Every structure is written in structure tokens, then in C-alpha cells.
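# Commentary on secondary and tertiary structure
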2 protein chains.
Amino acid sequence: MKQDIDNSRYRAQQVLVSAGIKPSFQRLMILSFIMNAHIHPSAEEIFQNLKPEIPTLSRTTVYNTLNLLVEKGVLLPLTISEHETRYDPNTGSNHSHFFCHHCERIFDIQEVPACVAGQELEGHLVENVRLYLTGVCRECRSKE
Amino acid sequence: MKQDIDNSRYRAQQVLVSAGIKPSFQRLMILSFIMNAHIHPSAEEIFQNLKPEIPTLSRTTVYNTLNLLVEKGVLLPLTISEHETRYDPNTGSNHSHFFCHHCERIFDIQEVPACVAGQELEGHLVENVRLYLTGVCRECRSKE
DNA sequence: TTGTCTGCAAAACATTTGCATACTG
DNA sequence: CAGTATGCAAATGTTTTGCAGACAA
């Protein structure tokens, strides 16, 4: 157990350092939680889970850290839940997400499926498909 | 001009009635604005645009109406902008959305492209691709 | 008249900002 | 010591809720 914790913190430390982020205790704990919990947590979930272990932790630090990690490309922010941003530590692979509106969990879907609502996918009932592209539009590009 | 307004209100009225929604004046104006402006507006944009014409309009009514229209399947809520929900009156066709993070406009993309970040699409520079599926997960289904 | 729609005011909720204190190199 | 990180308190922005009056069938 102790070994596992050490390992996951070590992996988180590696990620922070190679992204050029100073691996403070709070940042280490926050990223380590996100990487190991596999629940695509919200800021509030992170805060609630770490609060018992780090009683001085504040929401501000959680938000500061999340914004920094997104900026540095360590985390992907997901707006699939309509109420809060959730965070995915898997920034490398080209995968999709499935949001269950009952339990509010987010599942990784490994292949990007050419699928249609009403279908089944890995046992989940897909009611809704939304493809979101972001970037810079034609007109804004020409103004740069 | 007058004719155009009458036509668009008439179309909005048809949509409301066939969705089983009582076509009150405020609802008619809100849906008609969304259907004709083609800008995937936010609640605030709707409010600001209609306020001069309907000085008594309140944000509450805008939110009530939007929630009702989403519930009845008349509008799609888009969470592509991280700060606010935006609304799409085109619920039928299976299209995607492009969000420009400069001008904050949302463009309809007619085909669902098998595209990758860094690519160009209809002149827009795509920096980010996110496929969001929602529905009921395997475990929640088995509990029903 | 009965129920629904509207809109004000207040609340709720996620997130950000200002600022002072505490670390860390 | 200098610069950055942390965290409290207050502010912000979006959305919801409670409730009372207005409207429509």
C-alpha cells in the first residue's frame, strides 16, 4: 500500500517536472489523485477527497492547480457534464467520453466510434452524440 | 420585413404547438429569436436581444423557457463554451459544432468529420476535437 | 375560477480575484 | 531575501428557487 502511494506520487512528480511545474505537495497530491482515481473528477470531488488528508487545503489551490495543469497540457478539461468541469489525465490517446446522466460517471471509450444515438456501446446505452470542435475560425484567422 | 417577422413567428408557433407547448408571447419571441438569429445564443444573449422589444422580460422567463424547450426536445443544449450553455434549434440533423475561442461564435459543421486536431475544416483551424456521448451506463441500466 | 405563466428578489453553485501570509530556493 | 505558492474572504457570473401577482382556458 505504502509502496503504491509512493509509486503513484512518483509518477505524478515525473509528469509535473517534465511539464515544467514545480512539484509542490498540494500539486503532487492533486495530480496523483486525478491520475489514480480514474473517475474524471470535478474540482469539488478532488477537494472533498483530499481534504481529510490535507486539512489546510483550499478550493482556491485546487482551482489554481487545475488551471495550471490544463494550461501546461497535463490535463484535459471536459465539459460533458452540464454543471461542472471535469478533468482527464489521459491527454495522449485520441479517445472519446461517455457520460452517464444517472450516476454522473464518465467512462473512457477507446475508439472514436462512427456511432449514432440509440446504439449500444460497450454495454452503455448512447442517447446522445455530440462532436465539439474548438479552435480559431476563418475570420478570426484572417484578422491575425 | 413585417412579413418576415410574421413568418418566423408563425414557424416558431408551429414548433411550439407540435411539441405540446402553449405558445405564449414570450415563448414565441424566444424561440423565434433562436431559430432566426442562427448564432446558437446563450440565455444572456437572448435576454439582451429581446429586452428592448419586451421591456418586461425577465431572465427567469428566458431560463424557464429554455429548460422547457430542451425538455420537450425542441432545442439542443451545447456545452462547447466553458462558461455558459448555448442553444441549437437544429435538433434533427446529425451535425457537429465548431467553437471559435476568439469571437466565441459557434458554427455548424454539416458532416461529422473523422478529423484530427491541427487540421483545417471549412477554413477554420481545428485545435481540439472532443466527442461526447451521453446516456445510461451499463450498471445503471441493469439497476432499472 | 383554476391552473399555468411571468417576473422580482433572493439563493445556490461553480469559479475567479485580491490580498496577506507562508514557504522555498 | 526574493519570488512563488497557498488559502481566506469577497466577488463574479450563470442558473435555480420561492413566491406573488397576472394572465388564459
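Residues numbered from 1 in each chain as written. Chains lettered and ligands numbered in written order. Predicted model: local features only at pLDDT ≥ 70, side-chain atom pairs only at ≥ 80, totals over all residues. Heavy atoms only, no water.

Right, let's talk about the interface of chain A and chain B for a bit. The interface is formed by 43 residues belonging to chain A together with 43 residues belonging to chain B. Contact between chain A and chain B buries roughly 4300 Å² in total, counting both sides, with carbon and sulfur atoms accounting for 56%. Area buried by chain A at its contact with chain B is led by Leu131, Tyr132 and Leu133 of chain A, which between them contribute 20% of it. Counting the contacts that link chain A with chain B gives 4 salt bridges. Going through the elements one at a time, β1 (76–78), β3 (96–100), β4 (106–109), β5 (120–121), β6 (124–136) and α5 (138–142) of chain A are the ones with two or more residues in the side of chain A that touches chain B. Among the elements that take part in the side of chain A that touches chain B, β6 of chain A stands out by supplying 13 residues, more than any other. Partitioned by chemical class, the residues of the side of chain A that touches chain B number 23 nonpolar, 10 polar and 10 charged. Across 11 bridges, the pairing between β6 of chain A and strand β6 (residues 124–136) of chain B is antiparallel. Its bridge partner lying in β6 of chain B, Val129 of chain A is registered against Leu133 of chain B. (Contact = heavy atoms within 4.5 Å. Buried area = accessible area lost by both parts, 1.4 Å probe. Salt bridge = Lys/Arg side-chain N within 4 Å of Asp/Glu carboxyl O. Helix = DSSP H or I, 4+ residues; strand = E, 2+ residues; numbered from the N terminus. Nonpolar A, V, L, I, M, F, W, Y, C, P; charged D, E, K, R; others polar. Pairing = 2+ DSSP bridges.)

A few words on the environment of Cys100 of chain A. Mapped onto the elements, Cys100 of chain A comes out in strand β3. The exposure class assigned to Cys100 of chain A is buried, which follows from its relative accessible area of 0%. (Buried < 20%, exposed > 50% of the residue type's maximum accessible area, 1.4 Å probe, protein only.)

It is worth spelling out the domain arrangement of chain A at this point. Many structure descriptions define interface size as the accessible area lost when the parts assemble. Segmentation of chain A into domains returns domain 1 (2–74) and domain 2 (93–143). Summarising the inter-unit geometry, the C-alpha centres of domain 1 of chain A and domain 2 of chain A are found 25 Å apart. (Domains from an automatic or database assignment.)

Right, let's get into the protein's contact with DNA strand C. Around DNA strand C, the structure places 16 residues, and the nearest of them are Tyr63 of chain A together with Ser24, Thr56, Ser58 and Thr61 of chain B. Here, DNA strand C places atoms within 4 Å of the protein, and 76% of those atoms are sugar or phosphate. Within the side chain of Gln26 of chain B, one N or O atom sits 3.1 Å away from a sugar or linking oxygen of DNA strand C. In the model, a phosphate oxygen of DNA strand C is placed 3.1 Å from a nitrogen or oxygen of the Arg27 of chain B side chain. Of all the secondary-structure elements, those providing two or more residues to the surface near DNA strand C are α4 (59–71) of chain A together with α2 (25–37) and α4 (59–71) of chain B. Looking at the surface near DNA strand C, its residues break down into 2 nonpolar, 11 polar and 3 charged. (Near = heavy atom within 4 Å. Polar contact = N/O pair within 3.5 Å; in protein donor to acceptor, adjacent residues only side chain to side chain.)

Before going further, it helps to examine the protein's contact with DNA strand D. Near DNA strand D, the surroundings consist of 17 residues, among which Ser24, Thr56, Ser58 and Thr61 of chain A together with Tyr63 of chain B are the closest. Protein-adjacent atoms of DNA strand D, using a 4 Å cutoff, are sugar or phosphate at a proportion of 75%. In this structure, a base nitrogen belonging to DNA strand D sits 3.1 Å away from a side-chain N or O atom of Thr60 of chain A. At the level of elements, α2 (25–37) and α4 of chain A together with α4 of chain B are the ones that each hand at least two residues to the surface near DNA strand D. In the surface near DNA strand D, the residues fall into 3 nonpolar, 11 polar and 3 charged.

With that settled, consider the packing of helix α3 (residues 43–50) of chain B against α4 of chain B. All names here are of chain B. Look at α3 against α4: their axes get within 10 Å of each other, and the N-to-C directions meet at 125°. Viewed along their axes, α3 and α4 adopt a mutual orientation that is oblique. In this structure, the crossing between α3 and α4 has a hand that is right-handed. Contact residues: Ala43, Glu44, Ile46, Phe47 and Gln48 in α3; Arg59, Val62, Tyr63 and Leu66 in α4. Looking at the contact of α3 with α4, its residues break down into 6 nonpolar, 1 polar and 2 charged. (Axes fitted to C-alpha atoms, helices over the stretch in contact; angles between N-to-C directions. Parallel < 35°, antiparallel > 145°, perpendicular 65-115°, else oblique. Left-handed = near helix turned anticlockwise from the far one by under 90°.)

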